[in-house]
Amino acid sequence: MGRDGAGIVGEPTASLKAGTLTTVDFVRILVTGGAGFIGSNLVDLLLTEGHEVKVIDDLSTGRRSNLAHLDGSIEFHEGSILDTDLVSQIVEGTDLVFHLAAAVGVRNIVEAPLKSIRTNVDGTESVLEACVRHDTRVLLASTSEIYGKAAKFPMSEDDDRVIGPTHISRWSYSTSKALDEHLAFAYAAERGLRMSIVRYFNTYGPRLHANGYGSVVASMTSQALANAPIVIHGDGNQTRCFGFVGDTIRGTYLAGTLDGALGQAFNIGASTEISINELAARICRAAGSSSEISHISYDEAYGPGFEDPKRRVPDVTKAAEKLGWTPQVSLDDGLPITVNWWRDNNDQLAATR
Ligand SMILES: NC(=O)c1ccc[n+]([C@@H]2O[C@H](COP(=O)([O-])OP(=O)(O)OC[C@H]3O[C@@H](n4cnc5c(N)ncnc54)[C@H](O)[C@@H]3O)[C@@H](O)[C@H]2O)c1
């Protein structure tokens, strides 16, 4: 695989079984949040698959530079999904919308809960309403956060949600994204919206945010490359499953385009569980880093009352059966790609930090 962002995302498309997808139905595609981490990788994949692509992004956490290599190949609109007139105007004439724009990252949500709730709920309704108006299919990007602190593993799409109290603002992200899902199901039932939903578990890879926005891979990678102390929140024994972005966008594409995905939600994530302590050690190895690893409490990192699930593991059986999707890229392959991308793009990342 190549080390630049564009090269990385092209390769996983090989496993899309070219020619078997319903691409004829979806010529013109809009990606909301297309200047972001997952969105810009998805845009690359869509162009590789021969689609015409539009993007709307307010660049609040996304970067124009993520799409710089595509200047002239896509239609870019700098604007907000909260601007209902603009959204309607851009959705008109598109066959499919991948709705990824959202307020993301635990730190963002904790620091600006009101803005985050509005972006995620009002913004999503603006997109869904436009899709109904213009008879456009939509894929909604949701999150494993909607499962909250559920303690059944692995987590299946029909599992109960277990959410903390409303005064802890961290849970507003989970609830706002769950409300997005309810909206999508309600628009499908009452207004005939053709929609499908993907729930991403932790995704990493080229174009991760420079400042992390709560992404543990991003913050550890930048600390490791600077040989600075790696600071782990909690005791580090909490586990997560990290999926490579090339796999994530492939699952997104399949869920967005296949007829069999309509009206359904799919977990998209890696099944291999790793502790945060072990993740730090592997990132240090990939970076050739001499960083020391230390720990701080959640209270120190986020203020009193912060809650973090000990485990989060996806059951991806449904995606395998209905989409023919399974994750292909292991952490051993994906982490060096990510670390190398970070090293190669350090100057640009520093400028946008
Ligand atoms: N990265 C992950 O591990 C992960 C996990 C679960 C869910 N998700 C979901 O995936 C989607 C993409 O996330 P990402 O990780 O690429 O983060 P990201 O921040 O890179 O992408 C979000 C994009 O939305 C844009 N945006 C935010 N508010 C907007 C607005 N009002 N109008 C227009 N654009 C706006 C941002 O500028 C950014 O480009 C989000 O919906 C997120 O909830 C991501």
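Read on for a plain summary of the structure.

Quick notes on the rules
- Residues numbered from 1 in each chain as written.
- Predicted model: local features only at pLDDT ≥ 70, side-chain atom pairs only at ≥ 80, totals over all residues.
- Near = placed C-beta within 6 Å.
- Helix = DSSP H or I, 4+ residues; strand = E, 2+ residues; numbered from the N terminus.
- Nonpolar A, V, L, I, M, F, W, Y, C, P; charged D, E, K, R; others polar.
- Core = buried A, V, L, I, M, F, W, Y, C linked by C-beta atoms within 7 Å.
- Buried ≥ 20, exposed ≤ 12 C-beta atoms within 10 Å, placed from the backbone.
- Contact = placed C-beta atoms within 7 Å.
- Pairing = 2+ DSSP bridges.
- Axes fitted to C-alpha atoms, helices over the stretch in contact; angles between N-to-C directions.
- Arc of directions from axis to C-beta.
- Parallel < 35°, antiparallel > 145°, perpendicular 65-115°, else oblique.
- Left-handed = near helix turned anticlockwise from the far one by under 90°.

Neighbouring the ligand are 28 residues, the closest being Gly 33, Gly 36, Thr 61, Gly 62 and Ala 102. Elements with a minimum of two residues in the shell around the ligand: helix H2 (37–48), strand E2 (52–57), helix H5 (113–133) and strand E5 (137–143). Looking at the shell around the ligand element by element, the count peaks at 3 residues for H2. Within the shell around the ligand, the residues separate by chemical class into 14 nonpolar, 12 polar and 2 charged.

By size, the foremost hydrophobic cluster in this structure holds 91 residues, and its most contacted members are Val 31, Val 138, Phe 266 and Ile 283. Looking at this core, the element that brings in the most residues is helix H9 (residues 276–287), giving 7 residues. Ile 283 has contacts with Met 220, Thr 221, Ala 224, Leu 335 and Val 339, leaving out every residue within four places of it along the chain.

Attention now goes to the sheet that holds strand E1 (residues 28–32). Paired through their backbone hydrogen bonds, the strands of a sheet run either parallel or antiparallel. The strand order across the open sheet built from 7 strands is E3-E2-E1-E4-E5-E6-E11, with neighbouring strands paired in parallel fashion. Unpaired on one side and paired on the other, strand E3 (75–78) and strand E11 (265–268) mark the two borders of the sheet. The average angle at which neighbouring strand axes cross in this sheet is 20 degrees, direction not considered. Here strand E4 (residues 96–99) pairs with E5 via 4 bridges, running parallel. What sits directly across from Leu 96, in E5, is Arg 137. Lying on the sheet, H5 is in contact with E1, E4 and E5; it crosses E4 at an angle near 170 degrees. Here helix H8 (residues 245–257) sits on the sheet and contacts E4, E5, strand E6 (195–200) and E11; the angle it forms with E6, its principal contact strand, is near 160 degrees.

Listed as buried for helix H3 (residues 84–91) are Val 87, Ile 90 and Val 91. Down the axis of H3, the buried side of the element spans an arc of 95 degrees, and every buried residue falls inside it. Here the buried face of H3 lies against E1, E2, E3, E4 and H5. Among the residues trailing H3, Gly 93 stands out with phi positive, at a value near 90 degrees.

Side chains on a regular strand alternate between the two faces of the sheet. Of the two faces of E11, the one holding Ala 265 and Asn 267 and the one holding Phe 266 and Ile 268 are both buried throughout. Pairing geometry for E6 and E11, over 4 bridges, is parallel. Bridge pairing links Ile 197 to Ala 265 in E11.

All right, on to the packing of H2 against H8 then. Viewed as axis vectors pointing N to C, H2 and H8 meet at an angle of 65 degrees, and their least axial separation amounts to 9 Å. Relative to H8, H2 is oriented roughly perpendicular. Both H2 and H8 take part in a crossing whose hand is right-handed. Every residue of H8 that contacts H2 at Ile 38, Asn 41, Leu 42 and Leu 45 is listed here: Val 245, Thr 248, Ile 249, Thr 252 and Tyr 253. Looking at the contact of H2 with H8 residue by residue, the class counts come to 6 nonpolar, 3 polar and no charged.

These values are about where atoms sit, not about what they do.
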